[in-house]
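These are the residues of each chain, in order.
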Amino acid sequence: MLRLGLFTAVLTALATTVAGHGYVQDITLNGVKYTGYLPYQDPYMNPAPQRIIRKIPGNGPVEDLSLIDVQCNGWSAGGQGGSAPAPLVATVAAGSRVTLTWTEWPDSHKGPIITYMARAPSDITKWNPGNSAVWFKIDQQGKDSSGKWAATDHLIPAKGVYSFTIPPKLRPGQYIIRHEIIALHSAYNYPGAQVYPSCIQVQVTGSGNAFPTSFVSFPGAYNANTPGIKFDVYSNPNLQYPIPGPAVWTGGN
C-alpha cells in the first residue's frame, strides 16, 4: 500500500511539473481504440505496456530542428535517437479515418497540426528511418480564413480530438504516421517554435497502388528559414500563416 501511494504521489508531482504541454494519449483506428505511449506511467510499469506509438520522454517539445529528436520526440528512447520502434502494429484501411486524442492543450500554444507518413521497407517494429528522406505529408490544418488556429481554437473545443484520412489509394504496407503540433507562442525568434511529434505504427490495407514521388527527412524538412517556423502570432494576427513543409499528397483521390 505504501509503495502504491508513493507511486501515485510521484505521478501527481510529475503531472503538476509538466503541465502546459501535451502529447497524443490515444488513437482510434477502424473503430478500435489504442492507448498511446504514456511517458509518466509506462516506464514505471512492470511489465511495460506494449504500444503502437513510439516512446517519448515526456510532454515537452523539440525546438532545435537540427536534432533527430524532431522526428518522433524520442531522444531518450532506448538510445535509438528520434524513433525507437514500438512492439505493436495496428491495422487501418486506406481511405479510413484516424482519430487521435491529445492531452489537455494550453490555449496559448497556437499553431498548425500536421501529419506525415513513411513506408517501412521491412519490419516496422525494427525500423528506424534515421536521416533518410522517406516522409510525405497527408494532412495539415493551420489558421483558417476567420483567423482561428487548428491547435487551439479548433482542438480545444473538440476536447483534444483530431481526425484525418489515410489516402484512399495508398499502397498497402507498414507505415509510421508522424503527427505533430507546432506551437508558435515563442516563434518570433529561432529557436522558438515548439514541435510536438508523435509516431504511430500501422499496417495499411487495401487494393490501392498509389505512392508519392517526393519525400522529406526529419531532421531536414524544417529549419530556421522555413516559412512558418519563425512567425510572430502576436504582431501578425491578420497575417496568413504559411504551414511548414511540403504540399499535402492527396494519394490520387
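This report concerns the structure included in the present document.

Definitions and limits used
- Residues numbered from 1 in each chain as written.
- Predicted model: local features only at pLDDT ≥ 70, side-chain atom pairs only at ≥ 80, totals over all residues.
- Heavy atoms only, no water.
- Core = buried A, V, L, I, M, F, W, Y, C linked by side-chain atoms within 4.5 Å.
- Buried < 20%, exposed > 50% of the residue type's maximum accessible area, 1.4 Å probe, protein only.
- Contact = heavy atoms within 4.5 Å.
- Pairing = 2+ DSSP bridges.
- Helix = DSSP H or I, 4+ residues; strand = E, 2+ residues; numbered from the N terminus.
- Axes fitted to C-alpha atoms, helices over the stretch in contact; angles between N-to-C directions.
- Phe/Tyr/Trp six-rings, centres within 6.5 Å; stacked < 30°, edge-to-face > 60°.
- Lys NZ or Arg CZ within 6 Å of the ring centre and 35° of its normal.
- Salt bridge = Lys/Arg side-chain N within 4 Å of Asp/Glu carboxyl O.
- Disulfide = S-S within 2.5 Å.

### Observations regarding the nonpolar core
- Counting 38 residues, the largest nonpolar core has Ile27, Met117, Ile166 and Val204 as the members making the most contacts within it.
- Dropping the residues within four chain positions of it, Val204 is found in contact with Val92, Ala94, Met117, Ile166, Leu170, Arg171, Pro172, Gly173 and Tyr175.
- Counting residues in hydrophobic clusters, the runner-up holds 28 residues, among them Val62, Leu184, Val195 and Phe218.

### Examining the sheet that holds strand β7 (residues 161-165)
- Ordered by their spatial adjacency, four strands build an open sheet running β2-β1-β4-β7, and the pairing between neighbours is antiparallel. Strand pairing shows two members of the sheet lacking a second neighbour, β2 (32-35) and β7, which therefore form its edges. Across the sheet, the axes of successive neighbouring strands diverge by a mean angle of 20 degrees, strand direction being ignored.
- The pairing of strand β1 (residues 24-29) with β2 spans four bridges and is classified as antiparallel. Among the inter-strand pairings, Asp26 is bridged to a residue of β2, identified as Thr35.

### Here's the deal with the packing of aromatic side chains
- Counting across every chain of the model gives 13 aromatic pairs.
- Between the aromatic rings of Tyr116 and Phe218, the centroid separation amounts to 5.0 Å while the plane-to-plane angle is 80 degrees, which identifies the pairing as edge-to-face. Remark: Phe218 occurs in the segment after β9 (194-205) and Tyr116 occurs in strand β5 (residues 113-119); sequence separation between them is 102 residues. Just as Tyr116 is buried, Phe218 falls in that class too.
- Ring geometry for Phe136 against Phe211: centres 5.8 Å apart, planes inclined by 70 degrees, an arrangement best described as edge-to-face. Here the residue Phe136 occupies a position in strand β6 (residues 135-141), and Phe211 occupies one in the segment after β9, the gap between them amounting to 75 residues.
- Classification of Phe211 as partly exposed rests on a relative accessible area of 25%.
- Taken together, the ring pairs connect Phe136, Tyr175, Phe211, Phe215 and Trp249 into an aromatic cluster.
- Over the ring of Phe218 we find Arg178, and its NZ or CZ is 3.7 Å from the ring centre.

### Focus on the pairing of strand β8 (residues 173-183)
- Most of β8 is tucked away, with ten of its eleven residues classed as buried.
- Pairing of β5 with β8 involves seven bridges; the strand directions are antiparallel. For Thr115, the partnering residue across the bridge sits in β8 and is His179.
- Looking at chain direction, β8 and β9 are connected through eleven bridges and run antiparallel. What sits directly across from Ala183, in β9, is Gln194.

### Observations regarding the pattern of salt bridges
- One pass over the structure, following the stated rule, counts four salt bridges.
- Where Lys33 meets Asp26, a salt bridge forms, and the shortest distance between an N and an O atom there is 3.8 Å.
- Exposure remark for Lys33: the relative accessible area of 59% places this residue in the exposed category.
- Put simply, Asp123 and Lys126 hold a salt bridge, and the shortest N to O gap is 3.1 Å.

### Concerning the state of the cysteines
- Scanning the model with the defined rule gives one disulfide in all.
- Across the disulfide, Cys72 is cross-linked to Cys199 (sulfur-sulfur distance 2.0 Å). Between Cys72 and Cys199 the sulfur-sulfur dihedral comes to about -85 degrees; the bridge is accordingly left-handed. Highlighted residues: Cys72 in helix α2 (residues 69-72) and Cys199 in strand β9, separated in sequence by 127 residues.
- A relative accessible area of 1% places Cys72 in the buried class.

### Brief notes about the environment of Gly192
- Mapped onto the secondary structure, Gly192 falls in the loop between β8 and β9.
- The buried category is assigned to Gly192, whose relative accessible area is 2%.
- With 128 residues separating them in the primary sequence, Gly192 and Asp64 have C-alpha atoms 8.6 Å apart.
- Each residue touching Gly192, except ones within four places of it in the same chain, is listed here: Glu63, Ala183, Ser186 and Ala187.

### Description of the sheet that holds β8
- Strands sit in the order β3-β9-β8-β5-β6 across an open sheet of five strands; the sheet is mixed. The open sheet is flanked by β3 (90-93) and β6, the only strands paired with a single partner. The average angle at which neighbouring strand axes cross in this sheet is 35 degrees, direction not considered.

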